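Working through the structure, step by step
If you want the building blocks of each chain, they are given just below.
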Amino acid sequence: MKMKVTLIVALLCLGLTNSFAQGQEECPTKLSIFHEYVKAKNFDAAYTPWMEVRKACPKYNKAIIIDGNKILDYKIENSTGAEKKAYIEDLMKLWDEELVNFPSRTTQGEVLTDKAQLMYDNKAELGLSDLEVYNAFDKAYTTDKEHFKNPKGLYTYFSLMVDLYDAKQKTAQDLFNKYDDVTERVDEEVKNYSEDLNKLIAKEEAGTALTSTEVKYKKYYSSYLDAYDKIGGSINGKLGERANCENLIPLYQKDFEANKTDAVWLQRAAGKMSEKDCTSDPLYFKIVNAYHDLNPSANSAYFLGLLKDKENKSSEALKYYEQALSLETDNYKKAKLYSKIADKLKRSGVYSKARSYYRESLSLNPSNGRPHLQIAAMYAASANDCGTTTFNKRAVFWLAADEAAKAGRVDPTLKSHAAQSATSYRAKAPQKSDIFSEGNGGQTIKIGCWIGSSVTVPNI
């Protein structure tokens, strides 16, 4: 009897082994079948052979993941109720399998972010609350922040926080902390892509043509910068008036004593108060000085400069701004500082120095076209002061147009705005009839005062 049982078990094992081996042998054929169906967009026919390969040979080919995403996306789109929910859950399972079977294709942060976004997009079908979906995003952020960088995911994460705050499920401190978390994360990615794009721009500016691969990368970097620019605006729009002085000051006043030795808290509080122009309140003075005493840095020196500006002590403010620049070692952050200081000088009408600071910012981060637009605006504002004749005054707008056009060439986020600005300036410059009347086509006109430049009149 014992021998019979052993024989039956052996035969069963042999059958399972043969069945498994046969399944594996069929994987190449079935993969080819489902892949052809996917190419033909016949996702229903592709589903069964795809599932068979997915189960029998999960590590066989990355097409299991790539085509599987398309198949399940189609199934989700074309189903309802419990069936749709099952497909959604299976898509999340597929992403988990990708992380195990093809780890070089993805990261934990990307998988968790994608799953959280899918949960958000299908909250009703999955029966999830805002808090549950928020917690899924929060898990992605806390588990693998480095790879939580999808622009849409970052916006959704913050948007849910705002909704939870409005529903009184999160505090104001939770809201402002998450705003800082997300905007800092966006800024880190903007910095990374800007630095990569700057290298390609420098190569082009030096007169060397980009390779076909570099052209593709330039488009790739530009598209992400454009996405982050839009997301940044949406995040600020979503926050809206919730972060006004009426809300910020009582909150920071209440928490100051508990956080006066916390450099991160002090930096974020000072930064938020300066962003929202709450710098007249005595609390701002307390926070900035505590921050500078605790951690003298580029940021703290800049905040002290803002204080001096508020006291109308411009020369003292500039000393702190210069100190901030000397303390900053990161080129991307230094470029932002130069640009912020230039903005203040521009508003004060100190155009020559403002242009110098804008140019320093451009030298450190040439893919940010905003300084070009600011310089163009200063040229345009100075046309009447820097031209000696009516024609020469209008000729200043050619300089403004050229400067605005540069912004669009280097910065994908400003392409449309830069083109509109350049067109507007050219419309104010001398037209063909004016050049004909002056008879000065091709001549060089010197522009005086602080501009100290020249422009060549177009030939007609």
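Below is a short write-up of the structure. This one's a predicted model, so the numbers in the text were calculated from it and none came from an experiment. (Residues numbered from 1 in each chain as written. Predicted model: local features only at pLDDT ≥ 70, side-chain atom pairs only at ≥ 80, totals over all residues. Heavy atoms only, no water.)

Some details on the overall build of the protein
Per the secondary structure count, the protein includes 22 helices and two strands. Here the C-alpha atoms of the protein give a radius of gyration of 30 Å, more than 25% beyond the 23 Å that 2.2 N^0.38 yields for 460 residues. Reported as C-alpha extents along the three principal axes, the dimensions of the protein are approximately 115 × 65 × 40 Å. Scored against the burial criterion, the 460 residues of the protein give a buried share of 44%. For the protein, restricting intrachain contacts to residue pairs at least 6 apart in sequence, the fraction spanning at least 24 positions comes to 60%. Side-chain charges in the protein split into 64 positive and 62 negative, and the spacing between the mean points of these groups amounts to 3 Å. (Helix = DSSP H or I, 4+ residues; strand = E, 2+ residues; numbered from the N terminus. Rg over C-alpha atoms; globule rule 2.2 N^0.38 Å. Buried < 20%, exposed > 50% of the residue type's maximum accessible area, 1.4 Å probe, protein only. Contact = heavy atoms within 4.5 Å. Lys, Arg positive; Asp, Glu negative; His and termini not counted. Charge placed at Lys NZ, Arg CZ, Asp CG, Glu CD.)

So, the side chain of asparagine 101
Mapped onto the fold, asparagine 101 is located in helix H4 (residues 81-101). Once residues within four sequence positions are removed from consideration, asparagine 101 is found in contact with Pro58 and Lys59.

Quick word on the state of the cysteines
If you walk through the whole model with that rule in mind, you get three disulfides. The side chain of cysteine 245 participates in a disulfide bridge whose partner is cysteine 278; the two sulfur atoms lie 2.1 Å from each other. Disulfide cysteine 245-cysteine 278: torsion about the S-S bond near -100°, hence left-handed. Within this pair, whereas cysteine 245 is found in helix H11 (residues 245-259), its partner cysteine 278 is found in the loop between helix H12 (263-275) and helix H13 (282-294), the two being separated by 33 residues in sequence. Taken as a pair, cysteine 245 and cysteine 278 share a single burial class, namely buried. Between cysteine 386 and cysteine 449 runs a disulfide, and the two sulfur atoms are separated by 1.6 Å. Judged by the sign of its S-S torsion, about 90°, the cystine formed by cysteine 386 and cysteine 449 is right-handed. (Disulfide = S-S within 2.5 Å.)

Regarding the nonpolar core
Counting residues in each nonpolar core, the largest one holds 133 residues, and the members touching the most others are Trp50, Tyr252 and Ile287. The dominant element in this core, judged by the number of residues it contributes, is helix H20 (residues 390-410), at twelve residues. If sequence neighbours within four positions are ignored, tyrosine 252 has contacts with Phe176, Trp265, Arg268, Ala269, Lys272, Met273, Leu283 and Ile287. (Core = buried A, V, L, I, M, F, W, Y, C linked by side-chain atoms within 4.5 Å.)

Examining the packing of helix H9 (residues 172-205) against H12
In the contact formed by H9 and H12, the axes pass within 11 Å of each other and the chain directions differ by 90°. When the axis of H9 is compared with that of H12, the two are roughly perpendicular. Packed against H9, whose contacting residues are Gln173, Asn177, Tyr179, Asp180, Asp181 and Glu184, the element H12 presents Trp265, Arg268, Lys272 and Glu275 at the interface. Of the residues belonging to the contact of H9 with H12, the class tally is two nonpolar, two polar and six charged. (Axes fitted to C-alpha atoms, helices over the stretch in contact; angles between N-to-C directions. Parallel < 35°, antiparallel > 145°, perpendicular 65-115°, else oblique. Nonpolar A, V, L, I, M, F, W, Y, C, P; charged D, E, K, R; others polar.)

Geometric values such as these leave the question of function open.
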